[in-house]
Amino acid sequence: MTNRIVDHPVLGKLEERQKVQFEFDGKTYEGYENDTIASALLAHGIRTLRKHEESGNPRGIYCNIGHCFECRVTVNGETNVRACLTPIKANMIVESGQVQPHPLNPSQEGDIPKTYAEYLEQEGRG
Amino acid sequence: MQIYDVVIIGAGPAGLAAAIQCRENNLDVVVLDEFPRAGGRLLGQLHQEPNGQWWNGIEESKALLERAESLETDIQLGVSVHHIEKLDDQFVIHTKKKYFHTRNVLIATGAAESPAPIPGWTLPGVMSIGAAQVMTNVHRVKVGEKGIIVGVNVLSAAIARELQLAGIELHSMALPTRNVVVDEQSDPRLVMDRLSRIAHLAPSKFIQLGSKFAKYKFVQSLALKYYPTNGIKMWGMPIYLNKAIKQINGTDKVESVTMVDVTINGDIVENSEKEIPVDFVCIAGGLYPLAELAAVVGCPFIYSEELGGHIPIHNETMETPVKGIYVAGNITGIESSKVAREQGKVAGLAIAHKELNSIDIEEKLQAAVRNVVATRDAASIQFHPGISEGRKKVSTAFQETMKTQKELELVR
Ligand SMILES: Cc1cc2nc3c(=O)[nH]c(=O)nc-3n(C[C@H](O)[C@H](O)[C@H](O)COP(=O)(O)OP(=O)(O)OC[C@H]3O[C@@H](n4cnc5c(N)ncnc54)[C@H](O)[C@@H]3O)c2cc1C
Ligand code: FES
């Protein structure tokens, strides 16, 4: 991993840390204990964490401290998890955010309910 | 059900310093923070003090954390607080995982960065200046090979130096071109004025930049007019107040920026566009107090430009007009972490005093209040000129609010 700052003139040498393997979009990556998902991926040169739900434009971290929600990913099935705040864990499965069906565009509407009646029907309460 | 004496939101210098005081007085305390490490924004800080010593945020955080741990402080990380509910005699802190019931709350959530959007800013590789600081000094991961900083202020100057220390190449620092959002950051006169007003505070390397501008203090417009084409250099990197970034380019990630010349009024000079290849861009729009939680629990606010934005009204012992709610650190105004730490101490002692009502604590509290002022006066970093005036405004607002509250009670 070449993107690590190993020697630092003031902060000193990067200490040895436990290696941790996790998965991102089906591929296995190695990071270190105390890495966040965002830092571990950036160390591998990966900047894109999601696609914009509607436009599909690529997005990565912006604030890196939990304020902007630009870095949201799916972690072990849980959606909208902030990659910059979440430490990697062994065997964690991380998926990038993808384009979502658009409720107002007939060609991509998928199964998102368009009316409250449809919503109730889908919930089995219609 | 456990009812805490105090829940502290934020494990930055303010929250940790408060927790230490509360634990020294044996209160039931829990500290909550959503970041995976304790220390808050102090963790990323690394600057050289006027005496040449390094202010190493990792070490400073460690010292606070070790002291708190030696007092068996319950610190829960990775916990986001999204609501504070006020009941008759207690507060309920809402987090994703559970609720915490408490008699007192200290909100020490710190600051956030103001966005300074320019076209192309959503491309991967564009980040706030603070993001780069945390990636570099806390996670020790390079944000890129070669970048540029958009926005010239005291924080971006400090962090530019930190990136250089970590071996990351910077093309330069420049302004954003003017749009409705970045109006202030794009005005060369305003930027120059702010820089020169902080210069006298620290004849240190850190603000070498500022002192260079200070030479031109009386002739700032002239200085801008004859601003060197190659910029003023700080640690070998040019700072341009006569060039601005108009746009960030790339398909899937940052590939370059478009730089233009600007006049002393910030107007774009025609046909001056130049494309500069970079793989990352840091945007620096300044800091503002992160105060939503104080708003949802009903604290009244006052706007203070000097303190960086909307401030929950509080007095010198960090109480708000909502009994039991305290604030400390950058939520009360943008200042250095040393000031935040001293404010945290005051808040911790104020809560201990409320719960235990002892003369001994009261004396310590008064000393701590004096210490905040002394620390502020000695600070080598000030984010805004006129902090003391801002503080006066807030304490006047507190007195007025309390007076009105009393009058209302009398009417009832
Ligand atoms: C990006 C950035 C960079 C900075 N760099 C410098 C610098 O180089 N030099 C300098 O002097 N000052 C810097 N500052 C100013 C900094 O705010 C102060 O120096 C100091 O750290 C403030 O201390 P604090 O305890 O008030 O807040 P912080 O240190 O910001 O700590 C607040 C803590 O609260 C947590 N938090 C916030 N909201 C919630 C919530 N809803 N739920 C749970 N936890 C929450 C945060 O995760 C954070 O850990 C920076 C500020 C920012 C935002
Ligand atoms: S990058 Fe802003 S919340 Fe993660």
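Residues numbered from 1 in each chain as written. Chains lettered and ligands numbered in written order. Predicted model: local features only at pLDDT ≥ 70, side-chain atom pairs only at ≥ 80, totals over all residues. Heavy atoms only, no water.

As named in an unreviewed UniProt entry, chain B is Sarcosine oxidase subunit alpha, taken from Ornithinibacillus halotolerans.

Under an unreviewed UniProt entry, the name given to chain A is (2Fe-2S)-binding protein, and the organism recorded is Ornithinibacillus halotolerans.

Draft legend 1. Region of interest: the site of ligand 1. All names here are of chain B. Inspection of the region around ligand 1 gives 34 residues, with Asp33, Arg41, Gln45, Val81 and Asn330 positioned closest. One of the backbone N or O atoms of Ala14 is found 3.0 Å from an oxygen atom in ligand 1. For ligand 1, a nitrogen atom lies 2.9 Å from a polar atom in the backbone of Val81. Contact with the protein chains removes 97% of the 970 Å² of surface that ligand 1 exposes when unbound. For the shell around ligand 1, the secondary structure elements donating two or more residues are helix H1 (13-24), strand S9 (111-113), helix H3 (129-138) and helix H9 (337-356). Partitioned by chemical class, the residues of the shell around ligand 1 number 15 nonpolar, 14 polar and 5 charged. Inspection of the shell around ligand 1 shows a minimum of three residues originating in each of domain 1 (3-112 + 288-411) and domain 2 (115-285). (Near = heavy atom within 4 Å. Polar contact = N/O pair within 3.5 Å; in protein donor to acceptor, adjacent residues only side chain to side chain. Areas by Shrake-Rupley, 256 points an atom, 1.4 Å probe, with all protein chains shown as cover. Helix = DSSP H or I, 4+ residues; strand = E, 2+ residues; numbered from the N terminus. Nonpolar A, V, L, I, M, F, W, Y, C, P; charged D, E, K, R; others polar. Domains from an automatic or database assignment.)

Draft legend 2. Molecular detail of the interface of chain B and chain A. Contacts between the two partners involve 43 residues from chain B and, on the opposite side, 36 residues from chain A. Around 3,200 Å² of area is buried between chain B and chain A when both sides are counted, 59% of it from carbon and sulfur atoms. Considering only the side of chain B, the residues that lose the most area to chain A are Pro124, His139 and Arg140 of chain B, jointly responsible for 22% of the buried surface there. Counting across the interface, chain B meets chain A through 2 salt bridges. For Glu78 of chain A, the salt bridge goes to Lys96 of chain B, with nearest N and O atoms at 2.6 Å. One can count 11 residue pairs in polar contact (both at pLDDT 80 or more) joining chain B with chain A. Listed by contribution, the elements that provide at least two residues to the side of chain B that touches chain A are strand S4 (54-56), S9, strand S10 (126-128), H3 and strand S17 (280-283) of chain B. (Contact = heavy atoms within 4.5 Å. Buried area = accessible area lost by both parts, 1.4 Å probe. Salt bridge = Lys/Arg side-chain N within 4 Å of Asp/Glu carboxyl O.)

Draft legend 3. The arrangement of the pairing of strand S20 (residues 309-312) of chain B in detail. Alignment of strand S19 (residues 301-304) of chain B against S20 of chain B, held across 4 bridges, turns out to be antiparallel. Looking across to S20 of chain B, one finds that Tyr303 of chain B is bridged to His310 of chain B. (Pairing = 2+ DSSP bridges.)

Draft legend 4. Main features of the sheet that holds strand S8 (residues 78-82) of chain A. All names here are of chain A. One open sheet accounts for 5 strands, arranged S4-S3-S9-S7-S8; its pairing is mixed. Looking at which strands have only one partner, the edges of the open sheet turn out to be strand S4 (27-32) and S8. Averaged over neighbouring strand pairs, the angle between their axes works out to 40° when direction is ignored. (Axes fitted to C-alpha atoms, helices over the stretch in contact; angles between N-to-C directions.)

Draft legend 5. The arrangement of the pattern of salt bridges in detail. What the rule picks out here adds up to 22 salt bridges over all chains. For the salt bridge of Arg82 of chain A with Glu34 of chain B, the shortest nitrogen-to-oxygen distance reads 3.1 Å. With Arg82 of chain A in strand S8 and Glu34 of chain B in the loop between strand S2 (29-33) and strand S3 (46-48), this residue pair bridges two chains. On the basis of relative accessibility, which here comes to 13%, the residue Arg82 of chain A falls in the buried class. Where salt bridges share partners, they join Arg50, Glu53, Arg59, Glu70 and Arg72 of chain A into one cluster. (Buried < 20%, exposed > 50% of the residue type's maximum accessible area, 1.4 Å probe, protein only.)

Draft legend 6. Molecular detail of helix H10 (residues 359-378) of chain B. Residues and elements named next belong to chain B. Taking 1.5 Å per residue, 20 residues should reach 28 Å; H10 reaches 29 Å between its end C-alpha atoms and fits that length. Of all the positions in H10, only Ile361, Leu365, Ala368, Val369, Val372, Thr375 and Arg376 are classed as buried. Looking straight down H10, one finds its buried side chains confined to an arc of 130°; they lie on one side. Exposed and facing more than 90 degrees away from the buried side of H10 are Ile359, Glu363, Arg370, Asp377 and Ala378. For H10, the secondary structure elements touched by its buried residues are H9 and helix H11 (387-411). (Expected span 1.5 Å × (residues − 1). Arc of directions from axis to C-beta.)

Draft legend 7. Structural context of the domain arrangement of chain B. When its domains are assigned, chain B resolves into domain 1 (3-112 + 288-411) and domain 2 (115-285). Computed from C-alpha coordinates alone, the two centres of domain 1 of chain B and domain 2 of chain B are separated by 32 Å.

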